[in-house]
Amino acid sequence: MEAAQLKAKIISNKQLKCNYWHLEFDSGIIAKNALAGQFIEIKVNNGIDPLLRRPISIHSVSGTKVKLIYEVIGKGTQILSERKPGDFLDVIGPLGNGFEYKWLTKKLDNRKTILVAGGMGVAPLVFLAGKIKFYRPLVLIGARKKEQVLCSQEFKALGCKVVTATDDGSLGFKGRVTDLLKGFLSENQKTGKPEHIYACGPQPMLKAVVQISCENNIASQLSLETHMACGFGACLGCVVSTKSGYKRVCKDGPVFMGKELIW
Ligand SMILES: Cc1cc2nc3c(=O)[nH]c(=O)nc-3n(C[C@H](O)[C@H](O)[C@H](O)COP(=O)(O)OP(=O)(O)OC[C@H]3O[C@@H](n4cnc5c(N)ncnc54)[C@H](O)[C@@H]3O)c2cc1C
Ligand code: FES
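Residues numbered from 1 in each chain as written. Chains lettered and ligands numbered in written order. Predicted model: local features only at pLDDT ≥ 70, side-chain atom pairs only at ≥ 80, totals over all residues. Heavy atoms only, no water.

1. Some points on the pattern of salt bridges
Per the counting criterion, the structure on display carries 7 salt bridges. Ionic pairing is found between D252 and R248, a salt bridge with its closest N-O pair at 3.5 Å. On the basis of relative accessible area, D252 is assigned to the partly exposed category, the value being 28%. Residue classification places R248 among the partly exposed residues on the basis of a relative accessible area of 24%. When salt bridges that share partners are traced, they join K7, R53 and D90 into one network. (Salt bridge = Lys/Arg side-chain N within 4 Å of Asp/Glu carboxyl O. Buried < 20%, exposed > 50% of the residue type's maximum accessible area, 1.4 Å probe, protein only.)

2. What about the site of ligand 1?
For ligand 1, the set of nearby residues contains 20 residues, the closest of which are R54, P55, E71, G76 and T77. Between G76 and ligand 1, the recorded distance is 2.7 Å, taken from a backbone N or O atom to an oxygen atom. In this structure, a nitrogen atom belonging to ligand 1 sits 3.5 Å away from a side-chain N or O atom of H227. Protein chains shield 73% of the accessible area of ligand 1, which is 890 Å² for the free molecule. Listing elements by their share of the shell around ligand 1, those giving two or more residues are β4 (54-57), β6 (65-71) and α2 (75-81). When residues in the shell around ligand 1 are grouped by element, the largest group, 4 residues, is from β4. (Near = heavy atom within 4 Å. Polar contact = N/O pair within 3.5 Å; in protein donor to acceptor, adjacent residues only side chain to side chain. Areas by Shrake-Rupley, 256 points an atom, 1.4 Å probe, with all protein chains shown as cover. Helix = DSSP H or I, 4+ residues; strand = E, 2+ residues; numbered from the N terminus.)

3. What about the sheet that holds β4?
Sheet architecture is open: 7 strands sit in the order β4-β3-β7-β1-β2-β6-β5, paired in antiparallel fashion. One side of each edge strand has no neighbouring strand; the edge strands of this open sheet are β4 and β5 (60-62). Direction aside, the axes of adjacent strands within the sheet are offset by 40° on average. Relative to β4, strand β3 (residues 39-43) is paired through 4 bridges, and the arrangement is antiparallel. Across the sheet, the residue bridging to E41 is P55, located in β4. (Pairing = 2+ DSSP bridges. Axes fitted to C-alpha atoms, helices over the stretch in contact; angles between N-to-C directions.)

Here it is, written out as structure tokens:
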């Protein structure tokens, strides 16, 4: 489906905790057509500063509501956090390709699909978990500290098993989420390896996920959150190197097969 540009009414825009916010807007078109892993480009205010739209993943949809979660890290997300319910937000979407999951084995055992989220990387994976809840995925969430672990209740409500890792050990396993992944794969060698790993998060985490999945001969898909400029394929500001040449994250991604990427 072609992306739509529209003015969508903000239903709510609330601080979750720390710098994390949750925004809901009303758009039947985007809600109906969005695929898990796609994103929208938001013009955060009505003026020309900031000029560029900001890409944010579609976190989930419900009826005509589209939900986002975002971290306030700079000018654009700060302005977004100041927008009020009833305001109209200029959005373009849904954009990008989304995760592939239709070919997962139908009679998959529990926990044979793993979602790995680092920090704000939970955002598109909740939408995906809703689409593949039939497979009862295992979700590994990594964050620097307890306060930055997001969405674990949302994943659990979808029937996922959630295991967390924090760098400082304030919640769950102390260490990297990719160490949790390694541990899970070695513990479960005898019961059969997972079929697929989906991941979103910081680049070093994604690189490690690909390495682990290749070593274990498991397919992986990653959603990349590269810096973007135009957001619709024209400026080449978001290219990544792949085995089939340079690809634009905004147009050819943001989801790529792990084994295709060259780091
Ligand atoms: C496909 C896609 C989906 C995304 N989904 C989400 C989401 O669901 N929730 C969310 O909070 N964020 C998401 N992001 C990241 C989000 O777009 C940026 O955080 C946002 O554009 C920052 O805007 P800003 O004006 O607040 O910060 P800026 O003032 O532009 O930047 C502030 C600081 O953050 C750094 N920065 C900016 N963008 C990124 C980025 N993409 N990756 C790493 N560092 C960055 C800058 O270098 C700078 O140091 C996504 C990005 C992409 C490409
Ligand atoms: S942001 Fe311009 S081509 Fe992707």
